[in-house]
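Close look at the chain arrangement
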Amino acid sequence: VKRLEKVAARFSQIGSQTDLREQSIDPILEDVMTYFHRRLPQAGKEIRLVKSFASLPPLALNRDLFEWVIENLIKNAIDAVKNKKGEIEITTGTLPENGGSYIDIRDNGVGIHSKSRRDIFKPGYSTKKRGWGLGLNLAKRIVEEYHHGKLFIKESQPGEGTTMRIILK
């Protein structure tokens, strides 16, 4: 019931004025990791979630929507791990050039071919058999339009994995 309430709260905030509050990113990331720790055994793969958090200043965030972004990126990383053993690393830090904060989500999955990189954020684009191809488009919009940040592919190598990066000021 709590999960359904959270999903309903997320959808109700899309398309409306977003309530951003200064807060630490760590509890948000920890809660999402805890959620996936409970779900990973059902994925049929041995996937380790690894964290490497730096000390960050409080960020202006809408917790419900930002959790949704992180959940989507981790779910995509889980889906990208095709072999039985995988690793997803969540790293935070500060950018020296502008003082912005970053969150990287790196997997050792199949990677993204260079010809697909332009398309992954387009609505309807998907490499999966199920779904509507809206997850990354929605995640990008939440980060960029609501949180005034950036979401992009930091790096990706076919057969080696992908790192998605979020930058927030």
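The following paragraphs examine the structure supplied in this document.

Rules used throughout
- Residues numbered from 1 in each chain as written.
- Predicted model: local features only at pLDDT ≥ 70, side-chain atom pairs only at ≥ 80, totals over all residues.
- Heavy atoms only, no water.
- Helix = DSSP H or I, 4+ residues; strand = E, 2+ residues; numbered from the N terminus.
- Phe/Tyr/Trp six-rings, centres within 6.5 Å; stacked < 30°, edge-to-face > 60°.
- Buried < 20%, exposed > 50% of the residue type's maximum accessible area, 1.4 Å probe, protein only.
- Lys NZ or Arg CZ within 6 Å of the ring centre and 35° of its normal.
- Salt bridge = Lys/Arg side-chain N within 4 Å of Asp/Glu carboxyl O.

The next point concerns unusual backbone geometry. Here H148, not a glycine, exhibits a phi torsion of approximately 55 degrees, which is positive. By secondary structure assignment, the location of H148 is in the loop between α4 (135-146) and β6 (150-157).

Tallied over the full model, the rule gives one aromatic pair. Residues Y35 and F36 carry aromatic rings whose centres are separated by 5.1 Å and whose planes lie at 75 degrees to one another, so their mutual orientation is edge-to-face. Among the residues examined, F36 registers a relative accessible area of 5% and is labelled buried. Here the basic side chain of K140 rests over the ring of F121, its NZ or CZ set 4.6 Å away from the ring centre. Over the ring of Y102 we find R165, and its NZ or CZ is 4.0 Å from the ring centre.

This part covers the pattern of salt bridges. By the definition in use, this model includes 14 salt bridges. When the shortest N-O distance is used, the salt bridge between E89 and R106 registers 3.1 Å. Of this pair, E89 sits in strand β4 (residues 85-94) while R106 sits in strand β5 (residues 101-107), and the two are 17 residues apart along the sequence. When its relative accessible area of 25% is taken as the criterion, R106 is described as partly exposed. When the shortest N-O distance is used, the salt bridge between E145 and R141 registers 3.4 Å. In this pair, E145 and R141 both sit in helix α4, four residues apart, roughly one turn of the helix. Taking relative accessible area as the criterion, E145 reaches 48% and is therefore assigned partly exposed. Accessibility expressed as a relative area gives 42% for R141, which makes it partly exposed. Connected through shared salt-bridge partners, R48, E87, E89 and R106 make up one network.

Everything listed here is a matter of geometry and, on its own, says nothing about what the molecule does.
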